Amino acid sequence: MIYFDNSATTKPDDSVVATYDKVSKDFWGNPSSLHQFGEQSFNLLEQSRSQIAKLLGVLPSEILFTSGGTEGDNWAIKGTAMEKRAYGNHIITSAVEHPAVKNSIEQLTQLGFEATYLPVDDEGRISVEDLRKAIRPSTILVSIMAVNNEIGTIQPIKEVAELLKDYPNISYHIDAVQGIGKGIHDLIFNDRVDFATFSGHKFHAPRGVGFMYKRSGKKIAPLITGGGQERNLRSSTENLPAIAAMARAVRLLLDDQDKKVAKQLEIKQNILSHISQFDKVKIFSKDNTGFAPHILCFAILGVRGETVVHAFESFGIYISTTSACSSKRHVASGTLSAMKVDEDESTSAVRISLDEHNSLEEANKFNEVFDELYERFKKINS
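The structure displayed is predicted, hence computed values, not measured ones.

Asks: Please explain the packing of helix H3 (residues 69-84) against helix H4 (residues 99-109) as it appears in this structure.
Replies: Relative placement of two packed helices is described by the angle separating their axes and the distance separating the axes. Running from N to C, H3 and H4 cross one another at 30 degrees; their axes reach a closest spacing of 9 Å. Accordingly, the angle class assigned to the pair H3 and H4 is roughly parallel. Considering only the axes of H3 and H4, their crossing is right-handed. Taken together, the residues of H4 that come into contact with H3 (itself represented by Thr70, Asp73, Asn74, Ile77, Lys78 and Ala81) are Ala100, Val101, Ser104, Ile105, Gln107 and Leu108.

What follows is the structure in structure tokens.
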């Protein structure tokens, strides 16, 4: 099997699974309990928080645990809206955000909030000048993804941060789910970002766990109320086995990050240079520094994306249409549509997404299978 669908989910690392198993067996006390068994669980919880914070170069108090990227995005957006509703009702985002962001904002518009969706250029990137023009006195939040999950565009998150330094009352949220461990750490963790959200299953941790970075001093209303966990900001008994496993996964991910990023980029370039030779191939991702190293989106014109996915699957190669969250609904790529890509092209788009465990040998095998499938599709279309 060749697995090229890591932006959808990653395989949990064996040592991460072992950590999950050990903590499940040995630390099953409730971290909120007063007795020694609960205290042991609490200490492990805080040890995990401190480890993640140290690896990311932030304070332990700035790390809050969640159930994943979707909850984190919902919390950052709705929690900010509830916290700041007395000061304004306007939110700015992009036209290419993940549904966790887009749908959260759409829900808020039904409650009286207003939203501006910034257009993107032919590479799927917003204009900072467009953002500047969109800011109003009532603007309370700007939410922009770090890396586009469909084609890999890196948004100008640092340039946005520079602009927002002139607007200290506007909160700045980054959906960083596709960005961690991809060589853009300094872009995400700059001193103007207020909230950044992450999902464990995107970097070999278990599903159902994630974390949010909340800059010290920033206020946010809780979405989940109850027993007062996470400093009364996110109630629910902590998923300690998954949190401890995620802390280990973060450490493994960031170890030799530059080397891993270079490897993924080399694999991406190998495939990109090969498929770009074919007349009926349209490539939407690039291999320059404006794009993430692990995502490659392309189309074989005249062939629907799901057809291409299943054709590769018959050879044991797993890729996806442009977004796992919309693939089974056969929805055209929202990013490509926002880029004004023709619908016939966008419905033909597929995505390769890599991680540090993929190899050039796998890329060469992919290219070999691609040649065979391309000829097969060419005969069918002719």
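Okay, back to it.
Asks: When you look at the pairing of strand S5 (residues 139-145) in this model, what are you seeing that I'm missing?
Replies: The side chains of a regular strand alternate, residue by residue, between the two faces of the sheet. Of all the seven residues making up S5, seven are buried; the element is thus mostly covered by neighbouring parts of the structure. Note: strand S3 (residues 90-94) against S5, four bridges, orientation parallel. Looking across to S5, one finds that Ile92 is bridged to Val142. Examined bridge by bridge, S5 and strand S6 (residues 171-175) share five bridges and lie parallel to one another.

Asks: Looking at this model, I keep getting lost on the pattern of salt bridges. Mind explaining?
Replies: Pairs can form between side chains of opposite charge once their charged atoms are near each other. As enumerated under the stated definition, the model contains 18 salt bridges in all. With a shortest N-O distance of 2.9 Å, Asp194 and Arg192 are connected by a salt bridge. With relative accessibility at 0%, the residue Asp194 sits in the buried group. A salt bridge links Asp194 to Arg215; its shortest N-O distance comes to 2.6 Å. In this pair, Asp194 is assigned in the loop between helix H7 (185-188) and strand S7 (195-199) and Arg215 in the loop between strand S8 (210-214) and helix H8 (229-232), connecting sequence segments 21 residues apart. Taking the relative accessible area as the measure of exposure, Arg215 reaches 24% and is therefore partly exposed.

Asks: Is there a simple way to explain the sheet that holds S6 in this structure?
Replies: Strands in a sheet are paired, the pairing made by backbone hydrogen bonds, and the direction either parallel or antiparallel. With mixed pairing, the seven strands of this open sheet are ordered in space as S2-S8-S7-S6-S5-S3-S4. In this open sheet, the two edge strands, each paired with only one partner strand, are strand S2 (63-66) and strand S4 (114-118). Averaged over neighbouring strand pairs, the angle between their axes works out to 20 degrees when direction is ignored. Across the sheet, helix H2 (residues 36-56) lies against S2 and S8, angled at about 120 degrees from S2, the strand it touches most. Contacting S2, S5, S6, S7 and S8, H3 runs over the sheet at an angle of about 165 degrees to S5.

Asks: How should a nonpolar patch on the surface be read in this particular structure?
Replies: A surface patch of nonpolar side chains, about 210 Å² in accessible area, is lined by Met82, Leu223 and Ile224. Mapped onto the elements, Ile224 comes out in the loop between S8 and H8. Residue Ile224 is classed as partly exposed on the basis of its relative accessible area, which comes to 32%.

Definitions and cut-offs
- Residues numbered from 1 in each chain as written.
- Predicted model: local features only at pLDDT ≥ 70, side-chain atom pairs only at ≥ 80, totals over all residues.
- Heavy atoms only, no water.
- Axes fitted to C-alpha atoms, helices over the stretch in contact; angles between N-to-C directions.
- Helix = DSSP H or I, 4+ residues; strand = E, 2+ residues; numbered from the N terminus.
- Parallel < 35°, antiparallel > 145°, perpendicular 65-115°, else oblique.
- Left-handed = near helix turned anticlockwise from the far one by under 90°.
- Contact = heavy atoms within 4.5 Å.
- Buried < 20%, exposed > 50% of the residue type's maximum accessible area, 1.4 Å probe, protein only.
- Pairing = 2+ DSSP bridges.
- Salt bridge = Lys/Arg side-chain N within 4 Å of Asp/Glu carboxyl O.
- Patch = residues over 30% accessible without salt bridge, like charges linked within 9 Å, V, L, I, M, F, W, Y side chains within 5 Å.
- Areas by Shrake-Rupley, 256 points an atom, 1.4 Å probe, with all protein chains shown as cover.

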